[in-house]
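# Structural overview for review
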Amino acid sequence: MRMQLKSYRAFVAQPYRAIEIWGLSAILLAAYWLLAPRFGTTALIICYSVYIQLDMTWDFWIFGGICPRNSAKMEFVKSSCYGYTGLKMAILTDQMRRFVMFAILSVGLMAITVIREDRTIGSVELWYTALLILAPYAVNTLLLNISRHIEFFQLYILVPCAGCGFVAGLLAAFGEQLSDGTLVTVKQMVFLVILLLLGIIGTAVTIWHMLFCIKRSYRDAV
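Now for a description of the structure that goes with this document.

Definitions and cut-offs
- Residues numbered from 1 in each chain as written.
- Predicted model: local features only at pLDDT ≥ 70, side-chain atom pairs only at ≥ 80, totals over all residues.
- Heavy atoms only, no water.
- Helix = DSSP H or I, 4+ residues; strand = E, 2+ residues; numbered from the N terminus.
- Salt bridge = Lys/Arg side-chain N within 4 Å of Asp/Glu carboxyl O.
- Buried < 20%, exposed > 50% of the residue type's maximum accessible area, 1.4 Å probe, protein only.
- Phe/Tyr/Trp six-rings, centres within 6.5 Å; stacked < 30°, edge-to-face > 60°.
- Lys NZ or Arg CZ within 6 Å of the ring centre and 35° of its normal.
- Polar contact = N/O pair within 3.5 Å; in protein donor to acceptor, adjacent residues only side chain to side chain.
- Contact = heavy atoms within 4.5 Å.
- Core = buried A, V, L, I, M, F, W, Y, C linked by side-chain atoms within 4.5 Å.
- Axes fitted to C-alpha atoms, helices over the stretch in contact; angles between N-to-C directions.
- Parallel < 35°, antiparallel > 145°, perpendicular 65-115°, else oblique.
- Left-handed = near helix turned anticlockwise from the far one by under 90°.
- Nonpolar A, V, L, I, M, F, W, Y, C, P; charged D, E, K, R; others polar.

### Some words on the environment of R9
Mapped onto the elements of the fold, R9 is located in helix 1 (residues 2-11). Sequence separation between R9 and A90 is 81 residues; the distance between their C-alpha atoms is 7.9 Å.

Here it is in structure tokens:
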């Protein structure tokens, strides 16, 4: 784990880690605390959508454009005997960081909802919290297989916009159920299981895909 963190820090600067991991989450939770009494579930979706958008946008400055075969972004990795292994650990750590941050933000947003609305924690609250974690993580992870092939920021920004819109629509579709407090159905539990599987498979595919592209770039195209 120490080596993984060391590899991740080689790609991600300290100011970014401080802002993305602590600063942005604190700001969004504070914003939701202030907006929740007036806007309810809409404020939750807006705050979460902002985080998804910024998380994917900031990925451009770290791993964006590393997949094209002729990309020069990873040339410094190829000059090191440890470069490929370090990149592998950095990508894995980034996925772990992404899941943990989605979990922290989701639990925080739902805790504020419970406190502000004086609710009791039931099956609906737990189910919606799991949806807040799994849906954006699965969508975000799968979209990385597209976004990391794009080297131009103007095009790259369209990918997080699409992902953000999809997740926001999904959360809004189930937001009414959270407000009404209706019971969770079997189909909804199956939906969570599907999202969980998508997240696991998406993580494995994303890591394999990134490393395959990097390894392929060591050889000239023919």
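### Thoughts on the pattern of salt bridges
Applying the stated criterion to the full structure yields seven salt bridges. Salt-bridge contacts for R148 lead to D59; the nearest nitrogen and oxygen are separated by 2.8 Å. Remark: D59 occurs in helix 3 (residues 41-59) and R148 occurs in the loop between helix 6 (123-147) and helix 7 (153-156); sequence separation between them is 89 residues. In this pair, the class of R148 matches that of D59, namely buried. R97 is the salt-bridge partner of D94, the closest N and O atoms lying 3.0 Å from each other. Taken as a pair, D94 and R97 lie in helix 5 (residues 83-116) at a separation of three residues, close to a single helical turn. Take D94 and R97: they sit in the same class, and that class is buried.

### Side note on the environment of I200
Note on placement: I200 falls in helix 9 (residues 186-216). Remark: the alpha-carbon pair of I200 and T141, spanning 59 residues in sequence, is separated by 9.5 Å.

### Quick word on the packing of aromatic side chains
Within this structure, the stated rule accounts for five aromatic pairs. One aromatic cluster is present, formed by F60, W61 and Y156 through successive ring pairs. Directly above the aromatic system of W33 lies the positively charged group of R116, at a separation of 4.1 Å from the ring centroid.

### Observations regarding the side chain of H209
Within the secondary structure, H209 sits in helix 9. Polar side-chain contacts of H209 include one of 3.0 Å to the side chain of H149. Apart from residues no more than four positions distant in its own chain, H209 is found in contact with N145 and H149.

### What about the nonpolar core?
Membership of the largest hydrophobic core comes to 40 residues, with the highest contact counts inside it found for Y32, Y48, Y51, Y128, L131, L132 and L171. For this core, the elements supplying multiple residues, two or more each, are helix 2 (14-39), helix 3, helix 5, helix 6, helix 8 (158-180) and helix 9. Broken down by element, this core gets its largest block of residues, ten residues, from helix 6. When neighbours within four sequence positions are excluded, L131 is seen to be in contact with P136, L170, L171, F174, F191, L192 and L195. Core analysis: the next-biggest nonpolar cluster, separate from the first, contains 17 residues, Y8, F11, Y16 and M210 among them.

### Side note on the packing of helix 5 against helix 6
With their axes 9 Å apart at the nearest point, helix 5 and helix 6 run at an angle of 150 degrees to one another. Taken together, helix 5 and helix 6 sit at an angle that is classed as roughly antiparallel. Viewed along their axes, helix 5 and helix 6 form a crossing whose handedness is right-handed. Contacts between helix 5 and helix 6 involve Q95, R98, F99, F102, A103, S106, V107, M110 and V114 on the former and, on the latter, E125, Y128, T129, L132, I133, L134, P136, Y137, N140, T141 and L144. When grouped by side-chain class, the residues that make up the contact of helix 5 with helix 6 number 13 nonpolar, five polar and two charged.

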